[in-house]
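In case you want the letters, here they are:
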Amino acid sequence: MKNLIVYYSFEGNTAFVAEELKELLEAKGEPADLYEIKAKKNPPEKGFLKFATGGFYALTQKDPGIDPVEIDINSYDKVFIGMPIWASNPPGAIKAFIKQAAPVGKDCVLIACSGGGNSGKTFEKVRGYLQGNTVVKTLDIAAAKAHPETVKEKLESVI
Ligand SMILES: Cc1cc2nc3c(=O)[nH]c(=O)nc-3n(C[C@H](O)[C@H](O)[C@H](O)COP(=O)(O)O)c2cc1C
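Residues numbered from 1 in each chain as written. Predicted model: local features only at pLDDT ≥ 70, side-chain atom pairs only at ≥ 80, totals over all residues. Heavy atoms only, no water.

Participant: I'd like a rundown of the overall build of the protein, residues and numbers included.
Facilitator: A tally of helices and strands in the protein yields five helices and five strands. Along the protein, helices (α) and strands (β) appear in the sequence β-α-β-α-β-α-β-α-β-α when read from the amino end. Taken against the 2.2 N^0.38 rule, which gives 15 Å for 159 residues, the C-alpha radius of gyration of the protein at 15 Å falls within 12% of a compact globule. Within the span of the protein, comprising 159 residues, buried residues form 46% of the whole. Contacts in the protein between residues far apart in sequence, at least 24 positions, make up 79% of those at least 6 positions apart. Carbon and sulfur atoms provide 51% of the accessible area of the protein, an area that totals close to 7800 Å². One way to put it: in the protein the 20 positive side-chain charges average out to a point 7 Å from where the 20 negative ones average out. (Helix = DSSP H or I, 4+ residues; strand = E, 2+ residues; numbered from the N terminus. Rg over C-alpha atoms; globule rule 2.2 N^0.38 Å. Buried < 20%, exposed > 50% of the residue type's maximum accessible area, 1.4 Å probe, protein only. Contact = heavy atoms within 4.5 Å. Areas by Shrake-Rupley, 256 points an atom, 1.4 Å probe, with all protein chains shown as cover. Lys, Arg positive; Asp, Glu negative; His and termini not counted. Charge placed at Lys NZ, Arg CZ, Asp CG, Glu CD.)

Participant: Tell me what's going on with the site of the ligand, and back it up with residues and numbers.
Facilitator: For the ligand, the set of nearby residues contains 19 residues, the closest of which are Ser9, Glu11, Asn13, Thr14 and Ile85. For the ligand, an oxygen atom lies 2.6 Å from a polar atom in the side chain of Ser9. Contact distances for the ligand include 2.8 Å between an oxygen atom and a backbone N or O atom of Gly116. Burial of the ligand by the protein amounts to 86% of the accessible area it has alone, namely 640 Å². In a pocket analysis with a 2 Å cut-off to the grid points, the ligand is assigned to the largest pocket. When residues of the shell around the ligand are traced back to their parent elements, those giving at least two are helix H1 (13–27), helix H2 (47–60) and strand S4 (107–114). Ranked by residue count, the leading element in the shell around the ligand is H2, at four residues. Residue composition of the shell around the ligand, by class: seven nonpolar, 10 polar and two charged. (Near = heavy atom within 4 Å. Polar contact = N/O pair within 3.5 Å; in protein donor to acceptor, adjacent residues only side chain to side chain. 1 Å grid on protein atoms, 1.4 Å probe; cavity = no way out; pocket = protein on both sides within 12 Å on 5 of 7 lines; lining within 4 Å. Sits in = over half its atoms within 2 Å of the grid points. Nonpolar A, V, L, I, M, F, W, Y, C, P; charged D, E, K, R; others polar.)

So, in structure tokens, the structure goes:
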């Protein structure tokens, strides 16, 4: 079983979760490649504008421009997709990645990192972008970096 863990992370929580997932899979003898989606346009790092801009980007699903995708997603058996929740939605970088990577017939697991544990419309939206694939599991993880010791246990439910 060849696993891909692809993620976008603005503040490090989803990156942390992705690394924990890689460790967990590899401890079970399942290799996993990590791929970070890098957005060209991100919200400001602090203040009101961080939430206003990020929220606007997510609500409009604006394409922030991403680095060219350099992996063949269709060479993997299972694809884990990690993302932060912005204004109850996924960042536009996730949509842009799926469009460029063009997965077909893959089993996908969606992992949403949030502040409060409610992913809102996120899974519904991402399922729509993944037509032709199967979303086999979804998971919300709240405040990952504030409670790092709980993350692996939560991830057990999706592997
Ligand atoms: C622009 C913006 C909007 C956010 N909106 C929500 C939200 O609607 N619900 C929520 O629970 N957390 C929200 N958060 C918190 C993030 O989802 C949470 O901190 C997440 O773990 C961030 O992941 P990251 O560190 O990988 O970027 C928001 C954060 C930002 C920056």
